[in-house]
Amino acid sequence: MTTLITDQKHIWHPLTQHKTSSAPVAIARAKGAVLYGEDGKEYLDGIASWYTSLFGHCHPFITERVTAQMQQLDQIMFTGFTHKPATDLAESLFKILPSNQAKMFFNDNGSTAVEAGIKMALQYHHNKGKKRNVLIAFEDGFHGDTFGAMSASGLSVYNGPFNEFLIKVERIATPQEDTIDDILKRLEEIVLHNDCAAFVFEPLVQGAAGMKMHEVAGLNKILAFCKQHDIITIADEVMTGFGKTGTHFASLQLDVYPDIMCLSKALTAGLLPMSLTTCSQHIFDNFLSDEIAKGFFHAHTYSGNPLACAAAIASIELLQSEEMQDNLRRITERHTTFAKALSKNSKAQNIRVKGMILAFELSTKMERYGNLRYELYQFFMDRDVCLRPLGNTIYVLPPLVTTNEQLAKIYGVIEEALEAF
Ligand SMILES: *Cc1c(COP(=O)(O)O)cnc(C)c1O
């Protein structure tokens, strides 16, 4: 158990108040949908390790490709150099992205993918000689923890120390059945009083907000409004990308495609950290100039890392396989059946299913960061299932390789929780 002793001595964990939090769980290895603890316990990974491990852990199709790549080319600077893993990734990705996407820019994680997207949008207007300095974003959105991304995020409970350093953002509600007219009125009002550069949004499902879902039709109208006003639309698909909502990308369900897209998390099937900011040709063309300064002077040292590219290429291939598409349909069907059973329980409210995601609210009243979520988390872990409730929202987003027996186990502990809480 030296892991936990050294951990306590030296490690500062993310999203953790170390004074009050309990000790972390030491994981020795993971395979498929199962995490193996150092203490010999096994946990079912019901949220694909924060939506990254799309095909479960250590999938041989991915690990073998990365191992082979490792022996060819490990890392090379991406300014002045290029390589086949990067171009192969482009070829496979642009086949499945919305048809207006034309260029891809490498970053290291979801936050920096959004950060680069926001900077692209701001510089797009700057290059055109326009001053546009305000962002539009949904209430309760989450876009990451760097300053631009933090600005766009509406879940700002913990942003107190930084509020005065953030970019100005005007917020709109997510479109529900009969709210779109009010939202469009609010947008008219916003553009009347602000120079809006971009609209940053999670399409169809807001992950960190508790898998909150909204309407396709309403989102189409908001995007059309933005296009009319030359407001760059930035779809943050860091969570929704790669099959989560049933289609390869949530944006594919829309009639109006975003100008910029941010991809990470499952991009590399959970093997290596990498992200992409993709954009349409007209965004890119605005950076072409004889003036050097009109280029996009933004870089990360590990841009286009060949190992991460190899993982992403393999992941996109596996996602499109019949086996994984069958798994996706199977999981959606099982979720739907379980949702029907849940709907008979008055403690489960607002039950929703989209693609790989099942979510609902436990009717017990509580605030988002109250104790219930920790109690629920512990309740599930004690029953060998890793789920991470957000407030009173319980959600499941299992790896595609999760078997029907494993799904039944996850649903079973949720039913137990409904009895107990
Ligand atoms: C996780 C997430 C991010 C941040 O990604 P990191 O890799 O944690 O920086 C941004 N946007 C969305 C929608 C996310 O789910």
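What counts, and at which threshold
- Residues numbered from 1 in each chain as written.
- Predicted model: local features only at pLDDT ≥ 70, side-chain atom pairs only at ≥ 80, totals over all residues.
- Heavy atoms only, no water.
- 1 Å grid on protein atoms, 1.4 Å probe; cavity = no way out; pocket = protein on both sides within 12 Å on 5 of 7 lines; lining within 4 Å.
- Points joined across faces, edges and corners; volume = space filled by probe spheres on them.
- Helix = DSSP H or I, 4+ residues; strand = E, 2+ residues; numbered from the N terminus.
- Nonpolar A, V, L, I, M, F, W, Y, C, P; charged D, E, K, R; others polar.
- UniProt positions renumbered as here; feature names shortened; annotations may be inferred.
- Buried < 20%, exposed > 50% of the residue type's maximum accessible area, 1.4 Å probe, protein only.
- Contact = heavy atoms within 4.5 Å.
- Domains from an automatic or database assignment.
- Buried area = accessible area lost by both parts, 1.4 Å probe.
- Salt bridge = Lys/Arg side-chain N within 4 Å of Asp/Glu carboxyl O.
- Axes fitted to C-alpha atoms, helices over the stretch in contact; angles between N-to-C directions.
- Parallel < 35°, antiparallel > 145°, perpendicular 65-115°, else oblique.
- Left-handed = near helix turned anticlockwise from the far one by under 90°.
- Disulfide = S-S within 2.5 Å.

1. With respect to the layout of surface pockets
Phase 1: Estimated volume of the second largest pocket: approximately 610 Å³.
Phase 2: Phe 78, Met 104, Phe 105, Phe 106 and Phe 284 are the residues nearest the centre of the second largest pocket, which is lined by 25 residues in total.
Phase 3: The element that contributes the greatest number of residues to the lining of the second largest pocket is strand S4 (residues 101-107), accounting for four residues.
Phase 4: Broken down by class, the residue content of the lining of the second largest pocket amounts to 15 nonpolar, nine polar and one charged.

2. Considerations on the UniProt feature "modified residue: N6-(pyridoxal phosphate)lysine" (unreviewed entry) in the protein
Phase 1: On the UniProt side, "modified residue: N6-(pyridoxal phosphate)lysine" (unreviewed entry) is annotated at positions that read Lys 265 here.
Phase 2: Counting through the fold element by element, Lys 265 comes out in the loop between strand S11 (260-263) and strand S12 (275-280).
Phase 3: With relative accessibility at 25%, the residue Lys 265 sits in the partly exposed group.
Phase 4: Residues within four places of Lys 265 in sequence aside, it is in contact with Trp 50, Tyr 51, Thr 52, Val 238 and Gly 270.

3. Structural notes on the UniProt feature "binding site: pyridoxal 5'-phosphate" (unreviewed entry) in the protein
Phase 1: Under the UniProt annotation, "binding site: pyridoxal 5'-phosphate" (unreviewed entry) lies at Gly 110, Ser 111, Asp 236, His 300 and Thr 301. Maximum C-alpha separation among the annotated residues is 22.6 Å over a sequence range of 192 residues, too wide for a single clustered spot. Considered against the second largest pocket, the annotated residues that line it turn out to be His 300 and Thr 301.
Phase 2: Relative to the elements of secondary structure, Gly 110 occurs in helix H5 (residues 110-127).

4. So, the domain arrangement of the protein
Phase 1: Segmentation of the protein into domains returns domain 1 (35-57 + 322-347 + 356-364 + 375-395 + 410-420) and domain 2 (62-320).
Phase 2: The C-alpha-based centres of domain 1 and domain 2 are spaced at 27 Å.
Phase 3: Tallying the contact residues gives 17 residues for domain 1 and 21 residues for domain 2.
Phase 4: For the pair domain 1 and domain 2, the summed buried surface comes to about 1,600 Å²; carbon and sulfur atoms form 70% of the total.
Phase 5: Interface area lost by domain 1 to domain 2 is led by Tyr 51, Phe 55 and Ile 357, which between them contribute 38%.

5. A short note on the pattern of salt bridges
Phase 1: Using the criterion set out here, one finds 13 salt bridges in the structure.
Phase 2: As a salt-bridge pair, Glu 170 and Arg 186 come within 3.1 Å of each other at their nearest N and O atoms. On the criterion of sequence distance, the pair formed by Glu 170 in strand S6 (residues 169-172) and Arg 186 in helix H7 (residues 180-193) is long-range, its members being 16 residues apart.
Phase 3: By relative accessible area, Arg 186 is classed as partly exposed at 34%.
Phase 4: Across the salt bridge formed by Glu 361 and Arg 352, the nearest N and O atoms sit 2.8 Å from each other.

6. A look at the packing of H7 against helix H8 (residues 216-228)
Phase 1: Their axes nearest at 10 Å, the elements H7 and H8 cross at an angle of 20°. Overall, the two elements H7 and H8 adopt an arrangement that is roughly parallel. Remark: the crossing between H7 and H8 carries right-handed chirality. On H8, the residues touching Ile 180, Ile 183, Leu 184, Leu 187, Glu 188 and Val 191 of H7 are Gly 218, Lys 221, Ile 222 and Phe 225.
Phase 2: In the contact of H7 with H8, the residues fall into seven nonpolar, one polar and two charged.

7. Notes on the state of the cysteines
Phase 1: Scanning all chains against the criterion turns up zero disulfides.
Phase 2: Cysteine Cys 196 remains unbridged, with the sulfur of Cys 226 as its closest cysteine sulfur at 8.3 Å.
Phase 3: Summary of cysteine pairing: Cys 309 is not part of a disulfide, and the nearest cysteine sulfur, belonging to Cys 279, is at 17 Å.

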